[in-house]
Structures are given as C-alpha cells and as structure tokens.
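One-letter residues, chain by chain:
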Amino acid sequence: VQLQASGGGSVQAGGSLTLSCAASGLAVGRTYMAWFRQAPGKEREFVAATHRMRTNVYYADSVKGRFTISRDNAKNTVALQMNSLKPEDTGVYYCAADQTVALSGIRSAPEYDYWGQGTQVTVSS
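Counting from 1, residues in each chain are numbered in the order their sequence is written. In keeping with the model being predicted, local features are shown solely for residues with a pLDDT of at least 70 and side-chain atom pairs are shown and tallied solely at 80 or more, while totals for entire chains, interfaces and linings include all residues. Values shown for side chains rest on all heavy atoms present in the structure; no hydrogens or waters enter the calculation.

Enquirer: Mind laying out the side chain of Asp 89, listing which residues take part and the relevant values?
Expert: Where helices and strands are cited, they refer to DSSP runs of H or I of at least four residues and of E of at least two residues respectively, numbered from the N terminus. Here Asp 89 shows up in the loop between strand E8 (77-82) and strand E9 (91-98). Only protein chains enter the area calculation, which uses a 1.4 Å probe; residues under 20% of their type maximum are buried, those over 50% are exposed, and those in between are partly exposed. By relative accessible area, Asp 89 is classed as buried at 0%. Counted as a polar contact is a pair of N or O atoms within 3.5 Å, where, for protein atoms, one must be capable of donating a hydrogen and the other of accepting one, and residues adjacent in sequence contribute only when both atoms are in side chains. A polar contact of 2.8 Å, which involves the side chain of Asp 89, links it to the backbone nitrogen of Lys 86. Throughout, a residue-residue contact means that at least one pair of heavy atoms, one from each residue, lies within 4.5 Å. Every residue in contact with Asp 89, bar those within four places of it in the chain, is listed here: Arg 37, Arg 66, Phe 67, Ser 84, Val 121 and Val 123.

Structure (structure tokens):
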C-alpha cells in the first residue's frame, strides 16, 4: 500500500487549497480514508475522514464548515478541499488509510495502518 499526498503550499489567511491523496494497493471506495495534520511542537490531530462503504464523513470541529473531504473511486484518490484557511491550519497534512476502523476510533491516528509522506500547508496572517 502506498499513499501519496500532494497539493500543499503557502497561502494567506482566507485562501483555499486542495490536497490530494493518490492510493495504490487499496481501493479508496472500500477503505476508511482520513486526513490528519501536525503543527510544529504539537501532536498529530484528526482533520477529516470518510467511512469505508457508506457516504458518511467526519470532521474535526475546528474545520467543520470550511473543509470538505471527498473521494474519487475511479481515480482512486481522496481530496481535502480547504477554504477560509486560518494561520492555525498550518502544519504537515497526512493522508491515512485502513480497512478496519472502529467508528469510535475513526478520529484516532493509531487506528490507521497506512500513512502517506505528508504535505506542508502554511497559512500566513
């Protein structure tokens, strides 16, 4: 399994970015897919996730209403559309995947076995 995250960059507050995670070795339509982020000196935190088979999506409270996670089964990719970016959104964003995740742990990094290399997002004020 390989996950390749891309799309990071530097934007001003209020701007937008779209991250993409290209998967190989698994089908995103049958896998729990998630985005996490890690700011310097902080622990990795949950951002968003999609359910393995259903259309349910889950968001951290801090990004709800601003970020949208979606998957393209044909391209085998997962995207994270980020709008109204804030300086506190700065960090390295990681794509994660697992085929068996307890719903109670869908926001928990240890639930995911597969991780991409991360892509840097920097939001300036």
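Enquirer: Please provide a residue-by-residue account of the pattern of salt bridges, values included.
Expert: Pairing between side chains of opposite charge can happen when their charged atoms approach one another. We count a salt bridge whenever a side-chain nitrogen from Lys or Arg sits within 4 Å of a carboxyl oxygen from Asp or Glu. Applying the stated rule across the entire model yields four salt bridges. Put simply, Arg 37 and Glu 45 hold a salt bridge, and the shortest N to O gap is 2.6 Å. The closest approach of N and O atoms between Asp 61 and Lys 64, which form a salt bridge, is 3.3 Å. The class for Lys 64 is exposed, based on a relative accessible area of 51%.

Enquirer: Before we move on, could you go through the environment of Val 121 and cite the residues and values that matter?
Expert: Structurally, Val 121 is set in strand E11 (residues 119-124). The buried category is assigned to Val 121, whose relative accessible area is 0%. When the C-alpha positions of Val 121 and Leu 103 are compared, they lie 28 Å apart, and in sequence the two are 18 residues distant. Look past the residues within four positions of Val 121 in its chain and what remains in contact with it is Gly 8, Gly 9, Leu 17, Leu 19, Met 82, Asp 89, Thr 90, Gly 91 and Tyr 93.

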